[in-house]
Structure formats: structure tokens, C-alpha cells
Amino acid sequence: MKISVLIGWNGSVIRTFIEEAKKTGIELSIKYPRLDPIDEDFIQDLKKSDAIFIHHFSSEQLYSEIIDKIHEILEGKEIVAVIDPVLSKYNKLDPISTKKVIEYYNFGGTDNIRNLMLFLLSFKYNIKYEDPTPLPFSGIYTKDHVYLDLNKYLSNFSNPNLKKVGILFYRSEWVDNDLEIVNKIIDKLSMKNIIPIPVFVQGFGDKSKNIDSNEDAISKYFMLNGKPVVDAVISLLSFSLIKDKDNGILKKLNVPIFQGIINYFKSEKEWNESTGVDNISTIMSVTIPEMDGTTQPIIVGTIEIQQLGKYRFRKLNGIDNQIDYLIERVYRWINLKYKPNSDKKIAIILHSASAYKDLEANIGTATGLDTLQTTVEIINELRKRGYRCIPPKDGEDLINRIIGRKAIPETKYTSLEEILSKKGDAGYITFQEYEKFFSSLPELSKKLVINTWGEIKHGERNYMFDGTKFIIPGIFFGNIFVGVQPKRVTWQDDENAIRLTHNSDLPVHHFWLAFYKWINDNFDA
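What comes next concerns the included structure. As the structure is a prediction and not an experimental result, all values here were calculated from the model.

Brief notes about the sheet that holds strand β13 (residues 295–308)
Moving on, step 1. Sheet architecture is open: eight strands sit in the order β6-β5-β8-β7-β11-β12-β13-β14, paired in mixed fashion. Each edge of the open sheet is held by one strand with a lone partner, namely β6 (146–147) and β14 (311–318).
Moving on, step 2. Pairing geometry for strand β5 (residues 139–141) and β6, over two bridges, is antiparallel. When the sheet's bridge partners are listed, Y141 is paired in β6 with V146.

Here you go:
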């Protein structure tokens, strides 16, 4: 019994086909052209196959390339099942059988994929198969069970009042057991004493088929009695999060939604060796989701190519250090939510075109905007909301304090010594603190900084470094710190400064790193 399969989307299902064909003794030939292009061996397998199954492809170019190679074979075969509106003319099944094939594939999972193959082969061979087994299109996933009721799921926890984080991921990862990324996120949240609520979804849903939309799933599993039970959500979904933009569900949920990016086009090694997220992934997993309100896109996974005999497929691979980084950010945001405003510290950083002109008149510049007065208005609003702060009188008072105290990074006209003498310093980082921090950075990052800016040496003067410590300029207004963005360059002349400032490959210098380390760790913003 021979069957050939073409899958154009959802590479996770390839492994399920392979494993179930092996269990049932079916001779399978399967291709996922996005990863494993059609070759002569596959074409020969198509010719010898008793049945062919095709699930839709993802691009017009792929359609034309494949059809040019196989259309004569499809036309000559008796058992061809196609789930694809563009290629539907090649489908040879009657409407009832076609509906059954669609149900097998859409429900998915090991039993349905196995019986899909057996059903198609039953047109030629006297073999038994089972009808499609319905599986939920959304639900709360655990390694042992799927819950369709939030209260029943929460009853498993001895302390259901712990903080909670929702996770949204594609249903295909559940039915095809491609769950490494999801499982790692669940485990990391649990280690933080946070209850994870991992929910698989089918996208925009289909009311006529009782398939919940993302909006339905959010309402059903992240809310009780119309009120949110989660403190944050991690979305692993690409493209739009919600279809009905007027639904208002995200406003009702009213929690930060962190975007976990999965790069479906690169392995972890390839991603590490690249300059970052590719253009397609940026559109799929950053730009479009942000339009719905997701935030802080962080890559958490890539693909891993698997070779099993003649079969080639992909599985999802979780990047441990990136997942740790995401979970730590989520954890901090949740803690911030419950921290009294009077205890919170905020850093406001003013842009400065003095990055290359070294002019104090360029502090806080923004075309058409009064950023200085805006900063004062923000501080006033924070005070109304219970933050401990004492605002300046107005924007003029703010800039006079900054310039009067030389609370700015040093320039050709303002030395570090003057900053210190006029009390423009807000804090410092010792050489030992910075050395420990810098040594923790990735090797490539350290190499780029050192090759461009040299090393920081104890006892030697450097930019904003007096030989023993980095000086951090700025002014405190209670728990609010106002500072000026570090210069993009250090002691360059005007000509080189302009060129270097617009060099996107230029690494930040030591003081830039020290400045933001101080804000994050010492000031504890």
C-alpha cells in the first residue's frame, strides 16, 4: 500500500504522517516543499502511489512550480484527495468522501492522520478504518489532559490565587506534539511560582463549525465573569491576534501581551549567525501583531531540521536563554503591577542631537514638539497617580537645572571635571561593577565594543570614566530620574562624528552600556 502526500503549510504534521504510516505498514512518500523541494524520486513515487493527498500550498510561485511537474500524474490517478481551493480541480473524491478527508485532516492528531491514510487506501484495498475523531479546536493544554473549563483547570492548583500568565499557541503544535517551546515556557513560569494557562487556538475560528476564534478563547480561558484572571499573556501567534477589531476583548482583558517570536525559516545556529529577525518574520510576528497591541517582541524559538531515513521534516526548537529572558521580563512586569506607585522609580531619557554637534541647545530636541514641557507634564501626572516626585515648575525650569548643573554627558565644551564640580552627577558605577557586567556580555558583542572603543582600564581616564568609576549625569525629582541620552560617539571630531553616528553597524561605547546598566540595576528603575 503506497500513498504520497504533499503538505504546503504546517510542517509539524509531517512527523505525524511518518510515524503513523510506519505503525500501519503503509509505504509513505511525503514532501513539505517549503523545506524539502520536490525531486525526481518523489515524482516517481507519485506515479507508483495508490493514493495521493495534497494540503494547500503557501505561495503562487510554489503552486506553478509543483503543478508543472506533477499535473499529468494527478490527472491520471484515480484516488486523489485535495484540500486546496486553487488545486481543487485535481480532487477525484465525491463530495461526501471529500468532507470526510477534510474532517480527518482538520481534526488532526495521530488517530485521524492514520485513518486519513487508511480511508484513502480503502478505495483500492479491503482495509478497515475509523471515522474522524473530533478533537477540540481550543482548550487549556497540559501534558496529561486538555481542559475546556477554566475553573476545572485551576482546581488542580493548591493555591489558585497565585499570579497567572496566559499562553496562546497554535493548535497544530498540540495535535502534532510539537510542543518544545510551549513546554519550556510552562516550566519556566512554574519555576517562578506563576500558574501558566497554555491555550491552543485555531486562529480566527468558524462559528458554523463551532471553532472558537482567538477572541472567544481569550474570553473563555483568560477571564471569569467578564474579569481577567491573568496578569499577562504570552502570544506565540503570528499575524493578527484578533479579527474583530471592534470586539474590545483586549481592552477588557487589560493586561500586557508579550509577543514571543518563532522564526519558522531558520535554525538556532542560522539565527545566531544572522543579523537578527528576517523581513518576513518581522512582518508576521512583530509588525502585524503590534497593531493589535502586543508588545516587547522577543524571539523564543526557531526550527530544527530532522532527517529520519529518506524523510525530512522540521520541529520547533526553544531557545533556552531567550525564553529565560522573556519569562524574566514577564515576571518583572507582573511584580511592577502590584508594586505601590509610591515605591516605583522611573527614568526619563531626553534625546539630544548633541550626539555629534556637542551643543547644549540640542538637549531634548524633537521636531515640532516641546519635549521639556512634556516631561514636566508627565512628572506632574505621575505625582497625581501617587508616584513620589517633585516636578520642576515648567520646561524652562527643567532645562535650566540640567544646563546649570551640567547634568549631561561630557562634550568638547563640558568636561567630566565640570560636571562633578557643578553637581551634575546622579550616581556612578565602579570599575569592578562594570568589569563584571561587561564580562557577562556575549563574546561577539564584547569584541565589537573593544575593537571600536578600546578597553576600560583601571587608573586610566576615559570617556565619562575618571579612572575608578563611570559618572552618571542626571537629576532626581524624587523617584523620577531625568537624564540625557549618551552621545552615539565619544571624543570624535565633527566630521567623523556625523559619519559614525549614522553608521548602523557602530557598536555602543562603554559609557552607553554603563549608563543603562546604572538605570537598570543601581537606580532600579
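With respect to the pattern of salt bridges
Moving on, step 1. Following the criterion strictly, the structure yields 30 salt bridges and no others.
Moving on, step 2. Measuring nitrogen to oxygen at the nearest pair gives 3.1 Å for the salt bridge that ties K31 to D36.
Moving on, step 3. Linking K143 and D187 is a salt bridge whose minimum nitrogen-to-oxygen distance equals 3.8 Å. Placement of the pair is K143 in the loop between β5 and β6 and D187 in helix α8 (residues 180–191), with a sequence separation of 44 residues.

Topic: the packing of aromatic side chains
Moving on, step 1. Summed over the entire model, instances satisfying the criterion amount to 28 aromatic pairs.
Moving on, step 2. Between Y141 and F169, the aromatic rings sit 6.1 Å apart at their centres with planes inclined by 80 degrees, giving edge-to-face as the arrangement. Taken together, the residues Y141 in strand β5 and F169 in strand β7 (residues 164–170) connect sequence positions 28 residues apart. For the pair Y141 and F169, one class covers both residues: buried.
Moving on, step 3. Among the aromatic side chains, those forming a connected cluster through ring pairs are Y463, F476, F481, F511, W512, F515, Y516, W518 and F523.
Moving on, step 4. If you follow R171 out to its NZ or CZ, it ends over the ring of F137, 4.3 Å from the centre.

Some remarks on the pairing of β7
Moving on, step 1. Within β7, six of the seven residues are buried, which leaves the element mostly enclosed by the surrounding structure.
Moving on, step 2. Bridge count for β7 against strand β8 (residues 195–201) is seven bridges, and the pairing is parallel. The residue of β8 that forms the bridge with L168 is V199.
Moving on, step 3. Looking at chain direction, β7 and strand β11 (residues 232–235) are connected through four bridges and run parallel. Opposite G166, over in β11, you have V233 as the bridge partner.

A short note on the layout of surface pockets
Gaps between atoms show up when a probe of the same size as a water molecule is rolled over them.
Moving on, step 1. Looking at the largest pocket, its volume works out to about 1,500 Å³.
Moving on, step 2. Contributing to the lining of the largest pocket are 29 residues, with Y325, R329, R332, Y516 and N520 lying nearest its centre.
Moving on, step 3. Of all elements in the fold, only α11 (268–273), α13 (320–338), β15 (346–350), α19 (443–453) and α21 (510–522) reach the threshold of two or more residues within the lining of the largest pocket.
Moving on, step 4. At seven residues, the largest contribution of residues to the lining of the largest pocket is made by α13.

Focus on helix α12 (residues 279–291)
Moving on, step 1. The end-to-end C-alpha distance of α12, which contains 13 residues, comes to 17 Å, matching closely the 18 Å that a straight helix rising 1.5 Å per residue would cover.
Moving on, step 2. Along α12, the residues that are buried comprise S281, M284, S285, V286 and P289. The buried residues of α12 occupy one face: seen down the axis, they fall within an arc of 140 degrees. Facing away from the buried side of α12, by more than 90 degrees, are the exposed residues N279 and M291.
Moving on, step 3. For α12, the elements touching its buried residues are β12 (257–262) and β13.
Moving on, step 4. Between the side-chain oxygen of the N-cap and the backbone nitrogen of I280 there are 3.2 Å, and the N-cap of α12 in question is D278.
Moving on, step 5. Positive phi appears at G293, one or two residues downstream of α12, with a value of about 110 degrees.

About the thresholds
Residues numbered from 1 in each chain as written. Predicted model: local features only at pLDDT ≥ 70, side-chain atom pairs only at ≥ 80, totals over all residues. Heavy atoms only, no water. Pairing = 2+ DSSP bridges. Helix = DSSP H or I, 4+ residues; strand = E, 2+ residues; numbered from the N terminus. Salt bridge = Lys/Arg side-chain N within 4 Å of Asp/Glu carboxyl O. Phe/Tyr/Trp six-rings, centres within 6.5 Å; stacked < 30°, edge-to-face > 60°. Buried < 20%, exposed > 50% of the residue type's maximum accessible area, 1.4 Å probe, protein only. Lys NZ or Arg CZ within 6 Å of the ring centre and 35° of its normal. 1 Å grid on protein atoms, 1.4 Å probe; cavity = no way out; pocket = protein on both sides within 12 Å on 5 of 7 lines; lining within 4 Å. Points joined across faces, edges and corners; volume = space filled by probe spheres on them. Expected span 1.5 Å × (residues − 1). Arc of directions from axis to C-beta. Contact = heavy atoms within 4.5 Å. Polar contact = N/O pair within 3.5 Å; in protein donor to acceptor, adjacent residues only side chain to side chain.

In short, geometric facts, not functional conclusions.
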